[in-house]
Amino acid sequence: AQKVTQAQTEISVVEKEDVTLDCVYETRDTTYYLFWYKQPPSGELVFLIRRNSFDEQNEISGRYSWNFQKSTSSFNFTITASQVVDSAVYFCALKGAGGSNYKLTFGKGTLLTVNP
Amino acid sequence: DTGVSQNPRHKITKRGQNVTFRCDPISEHNRLYWYRQTLGQGPEFLTYFQNEAQLEKSRLLSDRFSAERPKGSFSTLEIQRTEQGDSAMYLCASSPPDSFSGNTIYFGEGSWLTVV
């Protein structure tokens, strides 16, 4: 079975602080895909990034960066110089490449509040 | 380039009534998914279509739930004899043809259901 754990339920920071959202996953698949989604109050899940298990390069996109470490089964997300607009619930998700390769397994999410 | 469209966005219904949600996927996406999300939880997989074929149904989808995707285009999710426990957000998502199984799944804004 696949599992995603986001241990941080809520995080509150002041604008311009850096913040890291943790994600730990479990899977028996040798090939799998990891995702981060952002869910603002409107409800839509906004895709942020997809990472393949065979590509452990970290990625940076503007103020966002992702640290994928297969050895610790972690896929952490860092926001640099946070802004009020970053306030949302962030979900980490996992998709296998085996028989259930169509299904995303989500963590419970981390509510990030960025205060001015 | 329009995203996944869902309607209605909000529905309040009395217990025992039937409700139907509609989802229009991204054009040319042949895969369509329904997820359910309750407060404080991540989305949970309900069902999956590839074109018009419903290939997987979660055990979360009781007999009162039925989903269709006629002609492989839009999809409907019907809940019969609603119960208070059905109150949740119902998310629709779509993804492109399976060039590789890591295709990103794009979500709509969700349909909020409140059963009173």
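Residues numbered from 1 in each chain as written. Chains lettered and ligands numbered in written order. Predicted model: local features only at pLDDT ≥ 70, side-chain atom pairs only at ≥ 80, totals over all residues. Heavy atoms only, no water.

Undergrad: Whenever I open this one, the nonpolar core confuses me. Can you help?
TA: By size, the foremost hydrophobic cluster in this structure holds 24 residues, and its most contacted members are A:W36, A:W66, A:F75, A:F77, A:Y90 and A:L112. Elements with a minimum of two residues in this core: β2 (10-14), β3 (19-21), β5 (32-39), β6 (46-52), β8 (64-69), β9 (74-79), β10 (88-96) and β12 (110-115) of chain A. For this core, the leading source of residues is β10(A), giving four residues. Setting aside chain neighbours within four positions, we find A:W66 in contact with A:W36, A:L48, A:I49, A:N58, A:E59, A:S61, A:F75, A:N76 and A:F77. Core analysis: the second largest hydrophobic core is formed by 19 residues, B:I26, B:F49, B:L113 and B:V115 among them. (Core = buried A, V, L, I, M, F, W, Y, C linked by side-chain atoms within 4.5 Å. Buried < 20%, exposed > 50% of the residue type's maximum accessible area, 1.4 Å probe, protein only. Helix = DSSP H or I, 4+ residues; strand = E, 2+ residues; numbered from the N terminus. Contact = heavy atoms within 4.5 Å.)

Undergrad: Just checking my understanding: could you explain the layout of surface pockets for this structure?
TA: Vacant regions in the atomic arrangement are exposed by a probe of water-molecule size rolled over the atoms. Considering only enclosed or pocket space, the largest pocket measures out at about 540 Å³ in volume. In terms of lining, the largest pocket is formed by 22 residues, of which the most central are A:K103, A:T105, B:P43, B:E44 and B:F45. The set of elements that each furnish at least two residues to the lining of the largest pocket consists of β1 (3-5) and β11 (105-106) of chain A together with β5 (44-50) and β6 (53-57) of chain B. For the second largest pocket, the calculated volume is near 340 Å³. Around the second largest pocket sit 21 residues that line it, and A:Q39, A:V89, A:F91, B:Q37 and B:G40 are the ones nearest its centre. For the lining of the second largest pocket, a count of residues per class yields nine nonpolar, 10 polar and two charged. (1 Å grid on protein atoms, 1.4 Å probe; cavity = no way out; pocket = protein on both sides within 12 Å on 5 of 7 lines; lining within 4 Å. Points joined across faces, edges and corners; volume = space filled by probe spheres on them. Nonpolar A, V, L, I, M, F, W, Y, C, P; charged D, E, K, R; others polar.)

Undergrad: Whenever I open this one, the state of the cysteines confuses me. Can you help?
TA: Note on terminology: a disulfide is the covalent bond linking the sulfur atoms of two cysteines. Counted by the stated rule, this structure contains two disulfides over all chains. With a sulfur-sulfur separation of 2.0 Å, A:C23 is cross-linked through a disulfide to A:C92. Given an S-S torsion of about -65 degrees, the disulfide between A:C23 and A:C92 has left-handed geometry. A residue pair is termed long-range when its members are at least 10 positions apart, and A:C23 in the loop between β3 and β4 (24-26) and A:C92 in strand β10 qualify at 69 residues. One disulfide in the model links B:C23 with B:C92; its S-S distance is 1.9 Å. Disulfide B:C23-B:C92: torsion about the S-S bond near -70 degrees, hence left-handed. (Disulfide = S-S within 2.5 Å.)

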